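Next come the chains, spelled out residue by residue.
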Amino acid sequence: MFGLEPHVLLLLGVCLLAACAFEFVNGFHDTANAVATVIYTNALRPWVAVIWSAFWNFIGVFAGGIGVAMGIVYLLPVESLVDSNVYHGIAMVGALILAAIIWNVGTWYYGIPASSSHALIGSILGVGIAYSLLPESRGTAVNWSKAGETGIALLAGPLLGFALTIGMMFLFKRFAPSKAIFKEPHKRKPPPLWIRLLLITTCTLVSFFHGSNDGQKGVGLVMLILIGIVPFRFALDESKNPLDLRESLGKVEYVISRVNRADLSPNDQKSLLEIQEKTADLDRIFAGKTEVKELPQQTRFEIRRDVLLLANRAKKLLASPNVSLSTQDRNIYDAAAKEMKTFTDYAPWWVLLMVSLSLAVGTMIGWQRIVKTIGERIGKEHLSYAQGASSELVAAAMIGVSTQFGLPASTTHVLTSSIAGSMVASRGVKNINPGMVRNIALAWVLTLPVTMVLSGVLFLLFRALL
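Residues numbered from 1 in each chain as written. Predicted model: local features only at pLDDT ≥ 70, side-chain atom pairs only at ≥ 80, totals over all residues. Heavy atoms only, no water.

In the nomenclature of an unreviewed UniProt entry, the protein corresponds to Phosphate transporter from the organism Hymenobacter segetis. Taken from UniProt, the Catalytic activity (unreviewed entry) comment for the protein reads in full: "phosphate(in) + H(+)(in) = phosphate(out) + H(+)(out)". Under the Sequence similarities (unreviewed entry) heading, UniProt states for the protein: "Belongs to the inorganic phosphate transporter (PiT) (TC 2.A.20) family. Pit subfamily." (UniProt positions renumbered as here; feature names shortened; annotations may be inferred.)

Written out as structure tokens, the structure reads:
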């Protein structure tokens, strides 16, 4: 299978199972974010709620696209993604998966709503920084521009969730047709029909958008595994003909040829030289080829390497103030580069299926611990119907917007901060349970540094052993 030696094939299987395990853990760790309100308010029976949530998580993975998935992949330096040594790939993905799972399981065991997104991103950053310590990295650590975008998205989410939920609670108080929505749920009776439908709707939306965002993180993780361990098989989207890259390549070469070398700084000149080397290498690969079968399997990885490095160096060069190009030339380049990336940024349908099943099955297990935290322990009062509905409406909207822009969102932190906002909206800051909020905040603060250190150490250990 895939032309791999038996022991490498075994390691591939182990890594894929580990990725499924991460997404499974993500499912049962984050399930309560969607089902807590409908279970806690008796809008749905627990077993109905978790199956319903699992179904919409499953659908969400297929509907979410791959923008977030590729954002996760490109947190790592491009140089680490074009290493054809399968053992290096195994060390990379093994370290980041193991570190993320250890942290996720640990926080779940103690009933602390911690972010799977933070855990995975911290693990990836740790591997990237550890990679920078190796001789072949040339000091390249992580894609800091992408990490910056991700960090802002993850930081802004909880803050906006807190503020927007306070606003949503105000709207409920102003326009809700019945004050019953602000009462503590009855322990055995379901809520009034309109409140019940509202809560089921918010549960559905959070589940769907959780799948569309968090599921993509699993997709990105699996693609890291496949590209790292089987680079010649999964380097390019097999549904596309690599020879079709030639048209976009020609446009890139045209735009780059219009850059005046005399105006460039030494660093810019170095980037220009590297771009020209990559375009020349692609021209060499495509020369004289008329059918895809004429491209050896080995060249598929070479094409991927050249496209990624070309895009990376060109982005740096065209951002330089020393480069003078017309708006038309820049638009031509942007369109051509976007078309070229469609060959490298993809996920096979069976990867989506594998991740969606893992997430859905995990969603049906282990929800009890976090449900109690969300329903009873964030605030000093039990969650009301209005608090649950407003929190989940805000969380669903924010996760959906993040997915649309290809940014990761922490479902856990967005929802828990929204719950806290709803508690403040009810009776002020004194209504917050300081001990539990402190634990959640501590997990939030510690997740990135702990997973970064853990994954970095594991990566260097695995590289020494493999």
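**Points about the pattern of salt bridges**
Opposite charge on two side chains lets them pair, provided their charged atoms get close. Counted by the stated rule, this structure contains 10 salt bridges. For D214, the salt bridge is made with K217, and the minimal N-O distance between the two is 2.9 Å. Pair noted here: D214 and K217 are both in helix α8 (residues 193–229), with a separation of three residues, about one helical turn. Accessibility expressed as a relative area gives 2% for K217, which makes it buried. If you follow the salt bridges from partner to partner, you end up with D281, R284, E302, R305 and D306 in one network. (Salt bridge = Lys/Arg side-chain N within 4 Å of Asp/Glu carboxyl O. Helix = DSSP H or I, 4+ residues; strand = E, 2+ residues; numbered from the N terminus. Buried < 20%, exposed > 50% of the residue type's maximum accessible area, 1.4 Å probe, protein only.)

**Describing the confidence of the model for the protein**
Note: predicted coordinates in regions of low pLDDT should not be interpreted at a detailed level. For the protein, the average pLDDT comes to 82, and 87% of its residues sit at 70 or higher. Here helix α15 (residues 368–377) stands out as the element of the protein with the lowest mean pLDDT, 53, in contrast to helix α10 (residues 245–257), whose mean of 93 is the highest. (pLDDT = per-residue confidence, 0-100.)

**Overview of the packing of helix α6 (residues 116–131) against α8**
Remark: α6 packs on α8, axes separated minimally by 10 Å, with the N-to-C direction vectors making an angle of 25°. In this view, α6 runs roughly parallel relative to α8, as classed from their interaxial angle. You can see that α6 and α8 cross each other, and the crossing is left-handed. Where α6 approaches α8, its residues S116, S117 and L120 are matched on the opposing element by D214, K217 and L221. Residue composition of the contact of α6 with α8, by class: two nonpolar, two polar and two charged. (Axes fitted to C-alpha atoms, helices over the stretch in contact; angles between N-to-C directions. Parallel < 35°, antiparallel > 145°, perpendicular 65-115°, else oblique. Left-handed = near helix turned anticlockwise from the far one by under 90°. Contact = heavy atoms within 4.5 Å. Nonpolar A, V, L, I, M, F, W, Y, C, P; charged D, E, K, R; others polar.)

**Observations regarding the side chain of T344**
Along the chain, T344 falls in helix α13 (residues 327–344). Of note is the side chain of T344, whose polar atom sits 3.1 Å from the side chain of D345. T344 has contacts with Y74, A235, L236, R304, V307 and L308, leaving out every residue within four places of it along the chain. (Polar contact = N/O pair within 3.5 Å; in protein donor to acceptor, adjacent residues only side chain to side chain.)

**Re the UniProt feature "transmembrane region" (unreviewed entry) in the protein**
The residues that UniProt annotates with the feature "transmembrane region" (unreviewed entry) are residues 55–76, 88–110, 117–134, 154–172, 193–212, 218–236, 347–367 and 441–462. For residues 55–76, the helix share is 73%, the strand share is 0%, and the end-to-end C-alpha distance is 32 Å. Secondary structure within residues 218–236 divides into 84% helix and 0% strand; the distance between the first and last C-alpha atoms comes to 19 Å.

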